[in-house]
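# An overview of the molecular structure
Next come the chains, spelled out residue by residue.
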Amino acid sequence: MIKVRALSKAFGGYDHGSAEVLALSDIDLEVRDNEFVTVIGPSGCGKTTLLRIIAGLIPYDQGEVSIDGRAVIGPGPERAVVFQNFALMPWADVLSNVAFGLEIRGASTDQCQAKAKELIKLVGLQGFERRLPKELSGGMQQRVGLARALAVNPQILLMDEPFGALDEQTRRLLQEQLLRLWERERKTVVFITHSMDEAVMLGDRVMLMTPRPGRVKEMINVPLGRPRSREVEKSSAFLEIKEYLWDNLRAMQAGDA
Amino acid sequence: MKTNLARDWGPRCVVFAAIVGLWEFFLSHSGNFLLPRFSEIVSGAYRLVFFEPRFWQALFISNQALLIGYAMSVAVGIPLGLIAGRLRWMDRILNPYVGVLLALPVAPLIPIVIIALGLGLAARVFIVVLFAVVFITVNTRAGVRGVEASLIEMAYSFGASEAQIWRRIVIPGAMPAIFAGMRIGLGRAITGMVMVELLLVATGLGRLLLEFSGRMQSDLVFATILVVIIEALSLLAAMQTIERRVARWAPDISVG
């Protein structure tokens, strides 16, 4: 279980005298085991900062962040991150990229190869093991990123706008693939997004954040069943939540646009 | 591969033929008896390589300074660049000195180096290093800086240690720029080698050049330069072959 209590984070200027910017203020969040939580909010609301703190990539100022009762002080083997810009090593082929996390965590070469091949198959990239990232489409690159994260068999998957850089069709296909993967092997997922469809389609709960400083505006239950298919997009519950999210987001951004 | 060869070497040969043709044409009309025709340079190079025993000796002496100096430049320049690229505080310390080395006209320093280190190999090696090292450092540093921060973060998120980040992310990511620096550095090292031999330490190829120009044997002067160019091109080609294997993923960024 991920537990965030009264979390605050400010970014200081590099020079003396420049004012600190409060990115997150008083965040409370609990993510139960095997729960899929999506986080949505206007640009600059600190949702990526929140994810990076849970991932242990950046320190926080106040509050508590813990996983199964242990305070987060850095990255840990129970967590894996999927990055918005894929973060693939351009000099390494698909196989090496997928095996990267395993190798860093000290698995033997044989184990790495076997596990990486298994994951490549799982995300539907068999035959592309020896290709370089630049030879793949954006969607395929992010499938490599997903396979790399899943390869270390994390209990928690932290996804930072993973499909944000992809075109609409690719994004929808990957959403469906992620849903199927998650329904087969449940993990705890925190999924940052700026797409309302995506937030409702994927999440058990949607966390709505306010603009800077980021606070939790509301936790919204998504009363849609599992397994979920595209059909739910036509359901009144789906449309209602989406409408509700949009009303809120529009109100928040009224001054900016 | 074959199509590549044809694609590259066809136009190259055309350009070469055009330059040689223009050269011959202007000389046959200018009446300048000191400038050799291209054909004379080629025959001069032939005589030099096959019938001038001092040439091989000179080539050996010059290359001693070049290879030792270049190897030292690589051995010092790359680590310095890596450190300056990754560690901000080291970069802040090194930055002014790198600037000095970049702006420094090395040629006027040659007499001082000779006074300090004597007329031997050490002085020549030192000059070669002065010419080459900073370009290797600057390119390596730029390469390290160019490694995407998100890749380092990604490695860190899997729990990578600093050593693992160096070995798996920083060095491979900087590799294309390191090669670019090594290529530019090689060109500079050759310049330094010839410069020091011409200006003060009359030895090696520089001494031959001085002798030939003293006797107005301009064909042999050009022939010697031609040999230096051919050597430089061969070394660069060898380096490019390695580069293509190590850094085939990167767009070609090297200059020089």
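Residues numbered from 1 in each chain as written. Chains lettered and ligands numbered in written order. Predicted model: local features only at pLDDT ≥ 70, side-chain atom pairs only at ≥ 80, totals over all residues.

### A closer look at the packing of helix α2 (residues 38-51) of chain B against helix α10 (residues 218-246) of chain B
A packed helix pair is summarised by two numbers, namely the angle formed by the two axes and the spacing between the axes. All names here are of chain B. This is how it is decided: Inter-axis angles, ranging from 0 to 180 degrees, are taken between N-to-C directions of lines fitted to C-alpha atoms, where helices are fitted over the stretch in contact. Working definition: helices are DSSP H or I runs of at least four residues, strands are E runs of at least two. Numbering for both runs from the N terminus. Here the angle decides the label: under 35 degrees means roughly parallel, over 145 means roughly antiparallel, 65 to 115 means roughly perpendicular, and every other value means oblique. Contact between residues is assigned whenever the C-beta positions, reconstructed from backbone atoms, fall within 7 Å.
The contact between α2 and α10 brings their axes to 8 Å, and the two run at 75°. Considering their axes alone, α2 and α10 lie roughly perpendicular with respect to each other. Contact residues: Glu-40, Ile-41, Gly-44, Ala-45 and Leu-48 in α2; Asp-219, Leu-220, Phe-222, Ala-223, Thr-224, Leu-226 and Val-227 in α10.

### Looking at the interface of chain A and chain B
Note the following rule: Each residue gets one label: Ala, Val, Leu, Ile, Met, Phe, Trp, Tyr, Cys and Pro are nonpolar, Asp, Glu, Lys and Arg are charged, and the others, such as Gly, are polar.
Taken residue by residue, the interface counts 17 residues in chain A and 13 residues in chain B. The residue inventory of the side of chain A that touches chain B, partitioned by class, reads 14 nonpolar, two polar and one charged.

### Re the confidence of the model for chain B
Residues and elements named next belong to chain B. The condition that has to hold: A score between 0 and 100, pLDDT records how confident the predictor is in each residue.
Of the residues in chain B, 96% have a pLDDT of 70 or more, and the chain-wide mean is 86. At the level of individual helices and strands, chain B shows its lowest average pLDDT in helix α1 (residues 2-30), which scores 82, and its highest in helix α7 (residues 149-157), which scores 94. Across the assembled chains, the prediction reports ipTM 0.88 with pTM 0.82.

### Considering the nonpolar core
A general feature of soluble globular proteins is that nonpolar side chains tend to end up buried together. Selection rule: By definition, a nonpolar core groups buried Ala, Val, Leu, Ile, Met, Phe, Trp, Tyr and Cys residues that connect through C-beta atoms lying within 7 Å of each other. Residues with at least 20 other C-beta atoms within 10 Å of their own are called buried, those with 12 or fewer are called exposed, and the rest are partly exposed. The C-beta atoms themselves are positioned from the backbone.
Grouped together as the largest cluster of nonpolar side chains are 120 residues, with contacts concentrated most on Val-98 and Val-190 of chain A together with Val-128 of chain B. Tallying contributions element by element places helix α6 (residues 121-146) of chain B first for this core, with 15 residues. Counting residues in each nonpolar core, the second largest holds 14 residues, with Ile-41, Phe-55, Phe-222 and Ala-223 of chain B among its members.

### Topic: the packing of helix α8 (residues 162-199) of chain B against α10 of chain B
Residues and elements named next belong to chain B. The cut-off we apply is this: Should the near helix be turned anticlockwise from the far one by less than a right angle, the crossing is termed left-handed; should it be turned clockwise, right-handed.
Interhelical geometry of α8 versus α10 gives an angle of 170° and a closest axis separation of 10 Å. By the angle between their directions, the pair α8 and α10 is classed as roughly antiparallel. α10 is crossed by α8, and the crossing has right-handed handedness. Two secondary-structure elements touch here, α8 through Met-175, Phe-179, Met-182, Arg-183, Leu-186, Gly-187, Ile-190 and Val-194 and α10 through Val-228, Ala-232, Leu-235, Leu-236, Met-239, Glu-243 and Val-246. Tallied by class, the residues present in the contact of α8 with α10 amount to 12 nonpolar, one polar and two charged.

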